[in-house]
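Structural features, examined
The chain contents come next:
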Amino acid sequence: MRLSVTLRALVAALAAVTLVLLAPPGPASAATVTVDNATAGRFTASANWGTSSWSGQRYGADYRFATPYSGASDAAWFSASIAATGPHLVEVWYPADAGYNNATPFIIATTSGNQSVTVNQRTNGGRWVALGTFNLAAGDRNVVGVSRWTSGTGYVVADAVRITSGGGGSAFALPLPKSALPRSEYDDPHHDYPAIDLPVGTGTPAYAVRAGTVTVINDSSCGRGINLTGTDGAVYTYCHFSSWSVSNGVTVSPGQQIGLTGNTGNSTGPHLHFGIRTGSTRRCPQNFLLAIYDGVTPPAATSLPTTGCYYVSRSTEPVVPLG
């Protein structure tokens, strides 16, 4: 016996409802906590930290500031209640001004100890700036500090922090802020061997493209730079930094700031040199970077090509050492 069209529609609707009810629950949404310098019981600082409402880029009614000091950290701390141990995206908000510090140390209390990320507070003010993704322990404690111990000049500023559980859910990040360059820059060829030169001004944050361990480079060719040995075993090389944001041997997370771009070493102008190698084999990083830009999982480093991404023979130009 055939069911009527109306009855079949009703049965289908009931079946759909049943599937929805019986389906496994989706992943829990990320939890986000925002702490302002004025949040009751969540901010501590010594009397050396002043209060100002001068800048219109501030978060909330005011922000805190202090002069640099090389005698001690004298950090201002933001505390938060972390529900569960795991990766968390840490972002900071501050007003920017030419008179503020160009190398402000932000301290993140991770499960493996304090990690420091240097931020130029003369730029990118009035918005959330990602410090990176860090493993934070569960509990209620000081999580993010702003230190006065800096080689930079100008006021260091503590305004607000935002912490999101799950770290944003990405295992990869661009080596530069996405707003720094259009997509078209990430498929440009290098001049003489598998690599890429990304044209950005001095002081642009450089980020870890994936989780791994840092080895600091400081030579006449790469200048100040970093070899990031990824969890995949490949080495991701950054050159021509103006300064480092992490120390030798530390473990970093995707999107964590590792340096500020510059013009050190064998460089004809400010830019970030970026390369990938597996063993002693240099790989073209363009497809890897384009995939991250497009929000898709990038190809494995071992599958990246070794030719087709540079202009001239290696023998005619100096080659950045493998480090």
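Residues numbered from 1 in each chain as written. Predicted model: local features only at pLDDT ≥ 70, side-chain atom pairs only at ≥ 80, totals over all residues. Heavy atoms only, no water.

Structural notes on the state of the cysteines
Under the counting rule described, the total for this entry stands at 2 disulfides. The disulfide that involves Cys222 links it to Cys239, with 2.0 Å between the sulfurs. Residues Cys222 and Cys239 are joined through a disulfide that is left-handed, its torsion about the S-S bond being -105 degrees. With Cys222 in the loop between strand E15 (212–219) and strand E16 (223–230) and Cys239 in strand E17 (residues 235–244), the pair connects residues that are 17 residues apart, well separated along the chain. Cys239 carries the same exposure label as Cys222, and that label is buried. (Disulfide = S-S within 2.5 Å. Helix = DSSP H or I, 4+ residues; strand = E, 2+ residues; numbered from the N terminus. Buried < 20%, exposed > 50% of the residue type's maximum accessible area, 1.4 Å probe, protein only.)

Quick notes on the pattern of salt bridges
Counted by the stated rule, this structure contains 5 salt bridges. A salt bridge links Asp140 to Arg42; the nearest nitrogen and oxygen atoms lie 2.5 Å apart. Of this pair, Asp140 sits in strand E10 (residues 139–146) while Arg42 sits in the loop between strand E1 (32–36) and strand E2 (43–44); the two residues are 98 residues apart in sequence, bridging distant segments of the chain. Owing to a relative accessible area of 48%, Asp140 belongs among the partly exposed residues under this scheme. The class of Arg42 is partly exposed, set by a relative accessible area of 23%. When the shortest N-O distance is used, the salt bridge between Glu91 and Arg162 registers 2.9 Å. (Salt bridge = Lys/Arg side-chain N within 4 Å of Asp/Glu carboxyl O.)

Thoughts on the sheet that holds strand E5 (residues 76–82)
A sheet is described by the order of its strands in space; here 5 strands give the open sequence E2-E5-E10-E7-E8, paired in antiparallel fashion. In the strand order of this sheet, the two ends are held by E2 and strand E8 (113–119), each with one partner. Here strand E7 (residues 104–110) runs beside E10; their pairing, made up of 3 bridges, is antiparallel. Note on E10: the bridge partner recorded for Phe106 is Val146. (Pairing = 2+ DSSP bridges.)

Some details on the packing of aromatic side chains
The final tally for this structure, using the stated rule, is 12 aromatic pairs. Pairing Tyr238 with Phe241 gives two aromatic rings, centres 6.1 Å apart and planes at 55 degrees, and the pair type is tilted. Members of the aromatic cluster, connected to one another through ring pairs, are Phe172, Tyr236, Tyr238, Phe241, Phe274 and Phe288. Over the aromatic face of Tyr293 sits the side chain of Lys178, whose NZ or CZ is 4.5 Å from the ring centroid. Between the NZ or CZ atom of Arg282 and the centre of the ring of Tyr193, over which it lies, the distance is 4.7 Å. (Phe/Tyr/Trp six-rings, centres within 6.5 Å; stacked < 30°, edge-to-face > 60°. Lys NZ or Arg CZ within 6 Å of the ring centre and 35° of its normal.)

A look at the confidence of the model for the chain
Looking at the chain as a whole, its pLDDT mean stands at 86, while 86% of the residues score no less than 70. Ignoring residues within four places in sequence, the model shows residues 1–29, a span with pLDDT below 50, making 2 contacts including any to other chains. (pLDDT = per-residue confidence, 0-100. Contact = heavy atoms within 4.5 Å.)

Some remarks on unusual backbone geometry
Not every positive phi belongs to a glycine, and Asp74 is a case in point at roughly 45 degrees. Positionally, Asp74 belongs in the loop between strand E4 (63–66) and E5.

Thoughts on the side chain of Thr164
Locating Thr164 in the fold gives a position in strand E12 (residues 160–165). Thr164 sits in the buried class, given a relative accessible area of 13%. Of the polar contacts made by the side chain of Thr164, one reaches the side chain of Thr32; its length is 3.2 Å. (Polar contact = N/O pair within 3.5 Å; in protein donor to acceptor, adjacent residues only side chain to side chain.)

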